[in-house]
Each structure stands twice: as C-alpha cells, then as structure tokens.
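Descriptive analysis of the structure
Spelled out from the first residue to the last, the chains are:
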Amino acid sequence: MELRMENLRLDDHDEARGILSQVLSILQKLEASESETAVVLEFINSTLKPRLDVLLAGDPVGIVWLIAELAKRDHFRDVLTDEAILTHVLALLIHQEKKTKLTACRALGNLCFDNDSAREIVVRLNGLHPLVQLIASLHEEAPLDVSLGQVCVGCLLNVTNDFDPLQKQALDSGILLLLLDFLKPGCGTPAFRGMTATCLYSLLCNANSGDYATTSGFVDTLCSYTMQTDDDIQGMVEILAKLSESDDTKRAVVDTSFAQFIVAKINEVKAEGGDDDDKEDFMENSTNLLVAVSCDEHCCSVLFHDDSFFSSCSNWLASTVPLLQSTAALIFGNFASNDSRAALLVERGVARQLIRVLEEAKLEDIVFAAAGALRNVAVLRGNRKKLIQEGCAKRLKELFLESGQLSIVCKAVAVLRLLVDGEGDLAVELGTDVAFVQKLKSHFETVDPRLQGETMRCLAWLLKSSHSPQVAETLLNAGCLPPILALLERDHPVLINEGLISLILIVSCSHGIAMAIPQ
C-alpha cells in the first residue's frame, strides 16, 4: 500500500514529512540500523502519537497500514501499545470498506502479537466484540471473502493466544462454531482452513474450553468435515487429540467412524515412508488420539470388534515403526481391560506378539507398553498358563534382571506377580532363583514407592503360590523378611492379609524360623 502523503495534512510540518519519508524507506528494509531505528521511534513519539487524530482524518487507511507495518517489530510494537491507537484501530473494524477492515485487522493482530499489554487494553475497550462481529459477518456473504477471512482469523489468533481473559470472551461469544463453519469442505483455501484450525487449537488450549467444544455437535461436525476434505488434516487431528480427554469426544471419534478413517490415513503415511516433520506430527497426534479413544469402554468394544481396526493394530505391533508398535501395544492393553476381550487377545495370538516385542524391542517406550498390555492380559486367571507356555515369564524375568529402567523393572515384577498366582511350578522356579530373589530384595530398598510395593507383594505371592520350604529358605537367606513385614504396616487390608499369610507360611515351612521374626 502506498501512503498518500498529500492527504496527511502535514503541509506546515515539512520536517515531519521528511521524517515520514525516511520511515517509509526504512520499513522497506529487512533490518534497521540503530540510527534508523531512532528515526522511526522519533517519528512515532513526536509525530504519529501526538497528531494521530489529524493523520487519521487525512488518510486513515494509510496510517493504520503504517501502524501495522511498524508493529511487526518488537521495539516499535511496544511504543505503539497505546490506548488511543488501539481505540482508532478497533473503530475501523466496523468500517464499510473492505480495505479499511482488512488493514485494521492486520494492525490489531500485529499490535497484539505476543503482547499482553496490548491485549489488556483490548479487554478494557471491549475490543474483541467488533472482531467477532466482523468474523460473523463473513458468513453472511457468498462466496466467502477468503482474503479478509484469513486476516480476520489470524488477527483473532494473535489477539487471544495464551491470554485467558480474551480467550474466555471469545469462547462465550460462540466463536468456536463460527470458526468450525470455515472448515467446511470447499470453504476457502487450504491455507485459510489451516489458519482456522490453528486458531481453534489455540482457543481449545484454554482450560475452560472443554464445555464449549463438547456441546452443539462440535466434535461430530469436525470429524465429519475432516473426513470429507482432501487437505492436510493435521490441524483438525491436533484439535481432536487436544479434546480427547473428554468421553464425549472419544465416543464421537468412534461413532462417526473417524477412528477408522485415521487408521487408514496412518497406513497411507506409513506406506509412503520418508522423513517429514508434518508427517511425524500427524502420526504422533493421530496415534495419541487413538490411544486416548481406546481408554473408553464403549470405544474399546466398538473398535475391538472392527476387523479392519484390529488387523491394523496387529500389523503395527509387528512393524518396525516404534511409534506404531507402542501405539498398538497401548491399544491392546486397553482392550484387555475387559475379561472376554483379554481371553480373545490370547486366542488371536496378540499375547504371543506382545511377548515377541519384549524379546526384540530395544526402546524403553515399546517395552513398557508391551509389558503393560501383558499385565492386563494376565489379570484374567485363565490366561496365565498360556502366557507362561508362550515364554512370557521367562522373558519378563530376563528383563527384570537386565534392565536398568525402574519403570520396566516395576512392570515386569507386576506381571510376574500375577503369573505366579496359582502356578506353583513357576513360583518355585522364581522363588529358588537366588539372583532373582536378591534383586527383588534390592528393589525393596529403592526410593520408588510403586516398585517397593510391587516387590513386597511379589515376595508374598511367591510364598503363597509355592508353599515351598525351599522358597521360604531362599527368601530368608536373602534377607527378605523386612519387605514381608513391611506389608503389615500398610493401610490396605489386602496387603496386610498378604503379609500375615506370608509369615504363617514361613513359619509352617521352616523349622526354627520363628525366632528370627522380630517382636
């Protein structure tokens, strides 16, 4: 835009006109020297701010354009953060001419970029209202004015981003549904819809956004629009992943078949291969969404019985893509939260796959996810003998002895504790393995309370399931009496009971041991 200097009413201020010419020249450069910056600051403080009314009367669009350009730079933005300037800029948002509204949006957005001082002024002036009105008015025109719409949405993003008072005002105004309508397939350009998705995500990061997003069919509509578009869907998936803590969101993702849609997209990206930041972001957000969705019982039931979804997860588990392996393990672990599904996971060979992952995987996240899934599978008593036969206990024992990661050690102990329940042979095997028992004892002394608790319980279950004098003797020789006695100090009656049973078994299985028990 060319600033019309003849309309600025500065005829009696030749010096000011000269400075303005210098300012315009400086703005054309990518960087300004210290002396040039001083010229611009001098113009702002001595001419622009004191004579703002006069300048705006001469060329309002040109002056607001100048403010927008100046506000791109931090040191000028701070000086321009002024209530009088923002008052004039906000007033132009409701101007009749498109060029004026567009320029005012650019100025407001640049002034508020990462600038809470400007945002506080906008709050005092109730300045968000005309911006929301302007965005709402875009829906009244056909076809959509994409150029103005993109600037308006970008302005809204800069004004509200990470600033709770204005985000709350925007959410109260119903802005989510106004923005959602811009994501309709065929609405505007991919760049415009991308900007809209980014703005929506920013607003939904507000702690109070959940209630707004789960009403009025927001999630269902977003899922529907995303499945109908050929654009890069990363922004929409990111929004859904952000909302996935809500049960309503999880169920909408499944009930609209969006989960299956995302699985197909993941498989496409996997088949394409290659390293790309956008693809990696999409894969991470998509897999996070699927794992979150699978935490809901209704969603688990639907997805478990979807052959295509189940098959994809099985293929991911067998793949060499770490993110997909850990995702599949986490999803199968959530499936196993139900007894009937846990039994079917063993029948369908998924448990065998998980054990193979434990044997082959090197990354902690994958091993932890697979061990967690096996723990849920092992909760069902009827699965345990099969798991032992498949080599689960053997591999977990190796992990327990070899791993230096406390999280994996803790998970391995938890699964082994379940596997020995009612399996006397395994309990004797583990309970008479001196290295294993001594390692358990050493982990009782850890500062990790969860691992400490699992260690105590595992020792007790070895005694309970084996009823073996050899196991009792091995535990006592390794100094495992303190961990067992520590169960008696727990608050939970189940743990206290386990401790009492263990002491009774030690006394009944061993001669002369009672004297070793402290008073």
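All values reported here derive from a predicted model rather than from experimental measurement.

Thresholds, definitions, all that
Residues numbered from 1 in each chain as written. Predicted model: local features only at pLDDT ≥ 70, side-chain atom pairs only at ≥ 80, totals over all residues. Heavy atoms only, no water. Helix = DSSP H or I, 4+ residues; strand = E, 2+ residues; numbered from the N terminus. Rg over C-alpha atoms; globule rule 2.2 N^0.38 Å. Contact = heavy atoms within 4.5 Å. Areas by Shrake-Rupley, 256 points an atom, 1.4 Å probe, with all protein chains shown as cover. Lys, Arg positive; Asp, Glu negative; His and termini not counted. Charge placed at Lys NZ, Arg CZ, Asp CG, Glu CD. Axes fitted to C-alpha atoms, helices over the stretch in contact; angles between N-to-C directions. Left-handed = near helix turned anticlockwise from the far one by under 90°. Nonpolar A, V, L, I, M, F, W, Y, C, P; charged D, E, K, R; others polar. Core = buried A, V, L, I, M, F, W, Y, C linked by side-chain atoms within 4.5 Å. Buried < 20%, exposed > 50% of the residue type's maximum accessible area, 1.4 Å probe, protein only. Salt bridge = Lys/Arg side-chain N within 4 Å of Asp/Glu carboxyl O.

With respect to the overall build of the protein chain
Scanning the protein chain from N- to C-terminus turns up 34 helices and zero strands. What you see for the protein chain is a C-alpha radius of gyration of 33 Å, clearly larger than the 24 Å of a compact globule of 519 residues, by over 25%. For the protein chain, long-range pairs separated by at least 24 residues make up 69% of all intrachain contacts whose partners lie at least 6 apart in sequence. Summed over its atoms, the accessible surface of the protein chain is roughly 23200 Å², and 49% of this surface lies on carbon and sulfur atoms. Here the protein chain contributes 45 positively and 72 negatively charged side chains, and the mean placements of these two sets differ by 5 Å.

A look at unusual backbone geometry
You will see that D162, though not glycine, has its phi angle at about 60°, which is positive. For D162, the location among the structural elements is in the loop between α10 (146-160) and α11 (164-172). If you check the backbone angles, H467 has positive phi at about 50° while not being a glycine. Mapped onto the secondary structure, H467 falls in the loop between α31 (449-466) and α32 (469-477).

Quick notes on the packing of helix α24 (residues 350-360) against helix α25 (residues 364-378)
Packing of α24 against α25 brings their axes to within 9 Å, and their N-to-C directions diverge by 145°. The crossing of α24 and α25 is left-handed. Between α24, through A351, L354, I355, V357 and L358, and α25, the contact on the second element is made entirely by I366, V367, A370, A371, A373 and L374. Of the residues assigned to the contact of α24 with α25, the class counts are 11 nonpolar, no polar and no charged.

Quick look at the nonpolar core
L48, L108, F218 and F335 are the most contacted members of the largest nonpolar core, which has 174 residues in total. Considering each element in turn, this core owes the most residues, 10 residues, to helix α28 (residues 406-420). Beyond its immediate chain neighbours, meaning those up to four positions away, F218 contacts L176, L177, L180, L200, L204, A213 and L243.

Examining the side chain of K411
With respect to the secondary-structure elements, K411 resides in helix α28. At 7.8 Å, E454 is the nearest oppositely charged side chain to K411, a buried residue that forms no salt bridge.

Digging into the pattern of salt bridges
Tallied over the entire structure, the rule returns 24 salt bridges. Its salt-bridge partner being E297, residue R341 comes within 2.9 Å of it at the nearest N-O pair. One end of the pair, R341, is in helix α23 (residues 339-347); the other, E297, is in helix α20 (residues 297-304), with 44 residues separating them in the sequence. Classification of R341 as buried rests on a relative accessible area of 4%. Residue E297 is classed as partly exposed on the basis of its relative accessible area, which comes to 42%. Of the charged contacts in the structure, one is a salt bridge between K397 and D433, with a shortest N-O distance of 2.5 Å. Of the two residues, K397 is situated in helix α27 (residues 392-402) and D433 in the loop between α29 (424-431) and α30 (434-444); the sequence distance between them amounts to 36 residues.

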